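# Residue-level structural notes
The residues making up each chain are set out below.
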Amino acid sequence: LSRRVMAAVAAQVVEIDSLNEQRDLLKMSPEDNWKMEHEKMHIKHRGHEAMHAEMVLILIATLVVAQIVLVQWKQRHCRSYNMVTLLQMWVVPLYFTLKLYWWRFLSTWGMFSVITSYVIFRATRKPLSGRTPRMVYKWFLLIYKLSYAVGIVGYVAIMFTMFGFNLFFRIKTEDSMDFGVILLFYGLYYGVMGRDFAEICSDYMASTIGYYNVGAMPSRNLSGDICAVCGQKIFVNLDEEGIVENTYQLSCGHIFHEFCIRGWCIVGKKQTCPYCNEKVDLKKMLNNPYKSWERTHVLYGQLLDWLRYLVAWQPVIIGVVHGINYTLGLE
């Protein structure tokens, strides 16, 4: 009987201590609560330095092997690599959005997906309407410019917070930094998605029109007054200043609507002539003082290409690392 009483008293003491601890946690600020949890984690993993070093080596080795595999895949089967990457770019954020209840991102993702699906539907129809190429490039150029602007605002907000300017406006550091990071992510993510979908639409439309064929000769002959990107007639001469847009000539001699070749090269990520597949010298076009090609947009496009690996493949690599650690019994 005395043992039962002692056990009951001990259980009550533990319960009281637990309630007191919970009460203390409620009184603590979020920063102090985070520090306490961080300290508990260090106490829990103290003495596991050898295990942690092994886990770091596994992570580094997996990253190196994954990078080699992805590079080889992209070089040997570029089309399948791009399609799988685009699918993951579209699905992976949706998974985390539903899991973490990020409804704001889900609403923007839904609107982007609906409109882009309609644009892709129009771009893949046969016969292709003469207005479709311009409509497609206008939509993706709009996405590109909006993502560029949102990304810049997010970056400025982060720098604004890092230098402490938010304190002059009595804005909390956490709120200001969260605002900047969210905008930067939105800008980079939708910039990547827009450019990838624009590349797919560019291939379909140009192949349907007939003046472009990947790795082969086109099925139609191009006359001197037709734009190979949209298939429409060119009314403005090279030496004339157009009211709506100008005409641009590549180094290979073929001429295009400036808006069309701009969408083809910068938005659609193409660096070859839409007709003869000769490589386009983007530096020459950017250095031309009479044309409005912005070097910053090309650099921003390269940044978007780097982000694709982080969003699409990094979660997969981390999942593989966790699987290896679980198989080896590493915590």
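Use the structure listed above.
Every value quoted in this text rests on a predicted model; they were computed, and no experiment measured them.

The next subject is unusual backbone geometry. In terms of backbone geometry, most residues other than glycine have negative phi values and most peptide bonds are trans. Cis peptide bonds are those with omega within 30 degrees of zero, and the linkage from K126 to P127 qualifies with 0°. Within the chain, Y101 stands out as a residue other than glycine whose phi angle is a positive 60°. Position of Y101 relative to the elements: it lies in the loop between α4 (78-100) and α5 (103-123). Unusually for a residue other than glycine, R170 sits at a positive phi of about 60°. For R170, the location among the structural elements is in the loop between α6 (132-162) and α7 (173-209).

Moving on, we come to the environment of F165. Following the sequence through the fold, F165 ends up in the loop between α6 and α7. Note: C-alpha distance between F165 and S176 (11 residues apart in sequence) is 9.9 Å.

Considering only enclosed or pocket space, the second largest pocket measures out at about 440 Å³ in volume. A total of 5 residues in the lining of the second largest pocket trace back to one element, the largest contributor, which is α7. Of the residues belonging to the lining of the second largest pocket, the class tally is 13 nonpolar, 2 polar and 2 charged.

On the surface, E31, D32, E174, D175 and D178 cluster together into a patch of negative charge. Those elements that place two or more of their residues in the negative patch are α2 (30-44) and α7. With 3 residues, the top contributor of residues to the negative patch is α7.

Attention shifts here to the packing of α6 against α7. Viewed as axis vectors pointing N to C, α6 and α7 meet at an angle of 160°, and their least axial separation amounts to 7 Å. Accordingly, the angle class assigned to the pair α6 and α7 is roughly antiparallel. Along this stretch, α6 crosses α7, giving a crossing that reads as left-handed. A per-class count over the contact of α6 with α7 returns 25 nonpolar, 12 polar and 1 charged.

A separate point is the packing of aromatic side chains. Aromatic ring pairs are defined here through the distance separating the ring centres and the angle between the ring planes. A complete count under the given rule lists 21 aromatic pairs for this structure. Pairing Y81 with W313 gives two aromatic rings, centres 6.2 Å apart and planes at 15°, and the pair type is stacked. Of this pair, Y81 sits in helix α4 while W313 sits in the loop between α10 (295-312) and α11 (314-327), and the two are 232 residues apart along the sequence. Taking the relative accessible area as the measure of exposure, W313 reaches 8% and is therefore buried. Geometrically, the ring pair formed by F105 and Y186 is edge-to-face, given 5.7 Å between the ring centres and 65° between the ring planes. Of the two residues, F105 is situated in helix α5 and Y186 in helix α7; the sequence distance between them amounts to 81 residues. Accessibility classification places F105 together with Y186 in one group, the buried group.

Conventions adopted
Residues numbered from 1 in each chain as written. Predicted model: local features only at pLDDT ≥ 70, side-chain atom pairs only at ≥ 80, totals over all residues. Heavy atoms only, no water. Helix = DSSP H or I, 4+ residues; strand = E, 2+ residues; numbered from the N terminus. 1 Å grid on protein atoms, 1.4 Å probe; cavity = no way out; pocket = protein on both sides within 12 Å on 5 of 7 lines; lining within 4 Å. Points joined across faces, edges and corners; volume = space filled by probe spheres on them. Nonpolar A, V, L, I, M, F, W, Y, C, P; charged D, E, K, R; others polar. Patch = residues over 30% accessible without salt bridge, like charges linked within 9 Å, V, L, I, M, F, W, Y side chains within 5 Å. Areas by Shrake-Rupley, 256 points an atom, 1.4 Å probe, with all protein chains shown as cover. Salt bridge = Lys/Arg side-chain N within 4 Å of Asp/Glu carboxyl O. Lys, Arg positive; Asp, Glu negative; His and termini not counted. Charge placed at Lys NZ, Arg CZ, Asp CG, Glu CD. Axes fitted to C-alpha atoms, helices over the stretch in contact; angles between N-to-C directions. Parallel < 35°, antiparallel > 145°, perpendicular 65-115°, else oblique. Left-handed = near helix turned anticlockwise from the far one by under 90°. Phe/Tyr/Trp six-rings, centres within 6.5 Å; stacked < 30°, edge-to-face > 60°. Buried < 20%, exposed > 50% of the residue type's maximum accessible area, 1.4 Å probe, protein only.

Nothing here speaks to function; it is all geometry.
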